[in-house]
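Spelled out, the chains give:
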Amino acid sequence: MTTEDFPGTDVPRTGSPGTDLPGADVPGAQVPGTDFRRAAHATADLVSDYLAELPGRPVWQPMDETARRALLDAPLPAEGRPLDELIAAIGRDVLPHPMGNGNPRFFGWVNSAPAPAGVLATLAASAMNPSSAGGDHADVHLERAVVRWIAELVGFPHPAGGGLLTSGTSMATIVCLAAARNRAARRAGRDVREEGLAGLPPLVGYVTGETHSCVRKAAELLGLGSRHLRTVATGPDGRLDLADLRSAVERDRAAGLLPFLVVASAGTVGAGAVDAFGPIADLCQEQGLWLHVDGAYGAFGRLDPAIAHRYAGLERADSLALDPHKWLGVPVDCGCALVRDTEELRGTFSLVPSYLRDEAAGSLGWFSEYGTEQTRPFRALKVWATIAHKGRTGLARDVARCTALARRLGELVEADEELELLAEVQTSIVAFRHRAPGLDAAARDALNRDLPVAVQRRGRVFVTGARLGGHEMLRACLLNATTTEEDLRLLLAEVRSAARDLLA
């Protein structure tokens, strides 16, 4: 071989790389060749079969003890194994025991089926295996593009550099709230990066009882303290009560505290309620508060013309956290933090030691200046592939299908004498419970608390539970556009049947 075989380099390549080094004859030690290609084809067939067979399998079943112990107690291997053996082991020991979220009858938590384009892109991204912290390579430029795409999908303003991909909304929330904390401290005359929170009045944030727990975790990690998160009342529609928010802010100011943050929701965790962003933004502007929107799953509901009106004013938020790995189906993990003011974000995190200086980075610098991660995985390719495969039209069609299914499920619940709908269906979450006539309130709650697990163990559908308005309930989240009305009817039939078994 000559340098002509490798354009752009003066380094000749000869022979099999590494064959004269110790360990070159062990599995995995050489550059991938025939064995890798054969195993890659086998993996593609295995994954294709797995996805094709999912609808016909039980949604979820408990692992038997032997299979569980085989994974838990697996000894550290002393010698390597060939790739084809590893792929066979995955097919035998791992894929038969899924969480269940790829199945169209999975209604639990907020976990989507993986988009096929994202599955394929994940393999390519892993093969490149860059650090997407910065530099002039494809993953960096692609991330700037897909962050802009995400902002455009939900109608959020996107200044250049005004966002980045994260592991999920939990990390995106930490990123956004850190920027809010820094702005509040600066306005109070303190540099929180250098001085910490000492000397500042307690910073106070405002949430509701339905705000995701990641907000409390962020407040604790950022030194704000969960004691200084005020729980604001919600109205009958599940949305933040503006009058109660105003009263809480005024009380805290009078007490010498420093209100700085309001967290609104584009789809609450219990019932999928969407807050009234416009009036909340008015109050935040008046009071000098940072408005953060938790749009983890629900922000993409803005793509559905039937419910887009609910999101009016979302674009006025200071920050928005959301998850492409939820409603869009991008394979986990992939969240996104968006901010209106790029410099608030960069001023919170930028730290460039000498060994990371990049004089060619341009005015935006590196992604690692906008968040906590230095070495960052190549998340952008699976986002790009998922969005590019469907297009805005296809994504909007899928979201609209899910919201329509949710409304239909709400109708079926209301028409069922054994069941009760607990909240208006605003996005694609349906909150309901079994009426359990003849039981007192405590026994009814106990039944509805036990129902989700009883349904799950039957294997035909998967639903999870929660508390809403002081009541135990079942909570069905619809994210899979291949779900059918027959699947909805099966869900309710399984709930009724499981309830009869428990009552018996």
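The following refers to the structure shown.

About the thresholds
- Residues numbered from 1 in each chain as written.
- Predicted model: local features only at pLDDT ≥ 70, side-chain atom pairs only at ≥ 80, totals over all residues.
- Heavy atoms only, no water.
- Buried < 20%, exposed > 50% of the residue type's maximum accessible area, 1.4 Å probe, protein only.
- Helix = DSSP H or I, 4+ residues; strand = E, 2+ residues; numbered from the N terminus.
- Pairing = 2+ DSSP bridges.
- Contact = heavy atoms within 4.5 Å.
- 1 Å grid on protein atoms, 1.4 Å probe; cavity = no way out; pocket = protein on both sides within 12 Å on 5 of 7 lines; lining within 4 Å.
- Points joined across faces, edges and corners; volume = space filled by probe spheres on them.
- Nonpolar A, V, L, I, M, F, W, Y, C, P; charged D, E, K, R; others polar.

Describing the pairing of strand β6 (residues 319–322)
So, step 1. Of the two faces of β6, both are covered, the one formed by S319 and A321 as well as the one formed by L320 and L322.
So, step 2. As judged from the three bridges shared by strand β5 (residues 290–294) and β6, these two strands associate in the parallel manner. Each residue of the ladder has a partner; that of H292, found in β6, is S319.

Thoughts on the environment of T122
So, step 1. Among the secondary structure elements, T122 is positioned in helix α4 (residues 116–128).
So, step 2. Here the alpha-carbon distance between T122 and F378, two residues 256 residues apart in the chain, equals 8.7 Å.
So, step 3. Those residues in contact with T122 that sit more than four places away from it in its chain are P331 and K382.

With respect to the layout of surface pockets
So, step 1. The computed volume of the largest pocket comes to approximately 790 Å³.
So, step 2. As for the largest pocket, its lining consists of 43 residues, and the residues nearest its centre are W109, V110, N111, S112 and K326.
So, step 3. Taken together, the elements giving at least two residues each to the lining of the largest pocket come down to α1 (34–53), α6 (169–187), α8 (213–221) and β10 (464–468).
So, step 4. Of the residues forming the lining of the largest pocket, the biggest block, four residues, is contributed by β10.
So, step 5. Residue composition of the lining of the largest pocket, grouped by class: 19 nonpolar, 18 polar and six charged.

Notes on unusual backbone geometry
So, step 1. At the junction of V332 and D333, the peptide bond is cis and its omega measures out at 5 degrees in the coordinates.
So, step 2. Position of D333 among the secondary structure elements: in the loop between β6 and β7 (335–339).
So, step 3. The backbone phi angle of N129 is positive, close to 55 degrees, even though this residue is not glycine.
So, step 4. Along the chain, N129 falls in the loop between α4 and α5 (138–154).
So, step 5. We classify N129 as exposed; its relative accessible area is 62%.

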